Amino acid sequence: MFKFIKYIFTDIQASIYWKLIYLLEKIIKYPIVLSNRFLKTNWRYPYIFNNDYIIKNSDGKFLIQAKSGNDYIISTYQETHFRSFFLKIQEWKIFLDIGSHIGKWSILLANKKDINSYCFEPNPNTYKYLQSNIQLNQLEKKVTALNYWVAEKTWEMEFYIHPQSAMSSLIKDREDRSTQSENMVHVKIIDIDTFIRENSINIQDIDLIKIDVEGYESNVIDGMKNLLENCSKDLKIICEITSQEKEIIINKICSYWFDFQSIGRQDYFFSKNNPNF
């Protein structure tokens, strides 16, 4: 909580009045967060902000969906291990942001580095916020938003929209399907090799890939075999692995002559020629 308070008053660019209201909401909400996490209660979170709002921090401007929790996701104190790796990047060409959510990492890189991003986000609602955040930061020429789920082949499938948008996923392996029908949409699924071919992208220009797909990492890797076989020697991959097949996924990526290191509880960094950039 202390780190988040420090973030509010040292990094968010807003009036003191707004920061105090924002902090008040977090103070009221914090005990409920702890109770739901550790006591397995299911209390609703209280919110002061009932309408969408914009947060500006050192990474950029972000339109935040009211009552979504996305303000935590874009905070600069979250996922600092990812952040330190991204900020080491020099002047690279293409970033594939697979599972981009509302665009935190692509917007950070596009604002601070000379790199172009392709953002893949399947959730239609989250995709709208991704588009808005690209426009807010005037990055339309550097960041491309794509309303696709990435997998091992190109097709269409049902997608479950979770109330907490970062937890949305494909419905076929979720439980309690009977309660999910109202939150189900059809999404286009594309594999990365097909996307590269259809858009005439030079594989050698792809320098960085981030994968955050809530347990479907293996499917994504299976859909980029040609890329991994013919990629630049400088390609770096950052992958959050939430699947129970963690070792299988690591071995699958390493079979393309990558080395790896753990940079977080579920996060792994893969590189061919320089594990520390």
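Scroll up to find the structure this text is about.
Our subject in this report is the structure included herewith.

What counts as what
Residues numbered from 1 in each chain as written. Predicted model: local features only at pLDDT ≥ 70, side-chain atom pairs only at ≥ 80, totals over all residues. Heavy atoms only, no water. Phe/Tyr/Trp six-rings, centres within 6.5 Å; stacked < 30°, edge-to-face > 60°. Helix = DSSP H or I, 4+ residues; strand = E, 2+ residues; numbered from the N terminus. Buried < 20%, exposed > 50% of the residue type's maximum accessible area, 1.4 Å probe, protein only. Lys NZ or Arg CZ within 6 Å of the ring centre and 35° of its normal. Patch = residues over 30% accessible without salt bridge, like charges linked within 9 Å, V, L, I, M, F, W, Y side chains within 5 Å. Areas by Shrake-Rupley, 256 points an atom, 1.4 Å probe, with all protein chains shown as cover. Salt bridge = Lys/Arg side-chain N within 4 Å of Asp/Glu carboxyl O. Pairing = 2+ DSSP bridges. Right-handed = clockwise from strand over helix to strand, strands pointing away.

Moving on to the packing of aromatic side chains. Applying the stated rule across the entire model yields 21 aromatic pairs. Residues Phe 4 and Tyr 22 carry aromatic rings whose centres are separated by 6.0 Å and whose planes lie at 40° to one another, so their mutual orientation is tilted. One end of the pair, Phe 4, is in helix 1 (residues 2-10); the other, Tyr 22, is in helix 2 (residues 16-38), and 18 residues separate them in sequence. Take Phe 4: its relative accessible area is 1%, and that puts it in the buried class. Relative to Phe 86, the ring of Phe 82 lies with its centre 6.1 Å away and its plane at 85°, an arrangement referred to as edge-to-face. Pair noted here: Phe 82 and Phe 86 are both in helix 4 (residues 80-87), with a separation of four residues, about one helical turn. Taken as a pair, Phe 82 and Phe 86 share a single burial class, namely buried. Ring-pair connections join several aromatic residues into one group, and the members of that group are Phe 4, Tyr 7, Trp 18, Tyr 22, Phe 49, Tyr 53, Tyr 72 and Tyr 77. A cation sits over an aromatic face here: Lys 29 above Tyr 45, 4.9 Å from the ring centre. Positioned over the ring face of Phe 85 is Lys 88, at 5.2 Å from the centre of the ring.

Now for a nonpolar patch on the surface. A contiguous nonpolar surface patch, about 570 Å² in accessible area, is contributed by Met 1, Ile 27, Tyr 30, Leu 34, Phe 38 and Leu 39. Relative to the elements of secondary structure, Met 1 occurs in the segment before helix 1.

Across five bridges, strand 3 (residues 94-98) lies against strand 4 (residues 116-120) in parallel orientation. Bridge pairing in strand 4 links Ile 94 to Asn 116. Running through helix 5 (residues 104-112), the crossover from strand 3 to the neighbouring parallel element strand 4 is right-handed. In the classification by handedness, the crossover that spans strand 4, the intervening helix 6 (residues 124-136) and the parallel strand 5 (residues 143-146) is right-handed.

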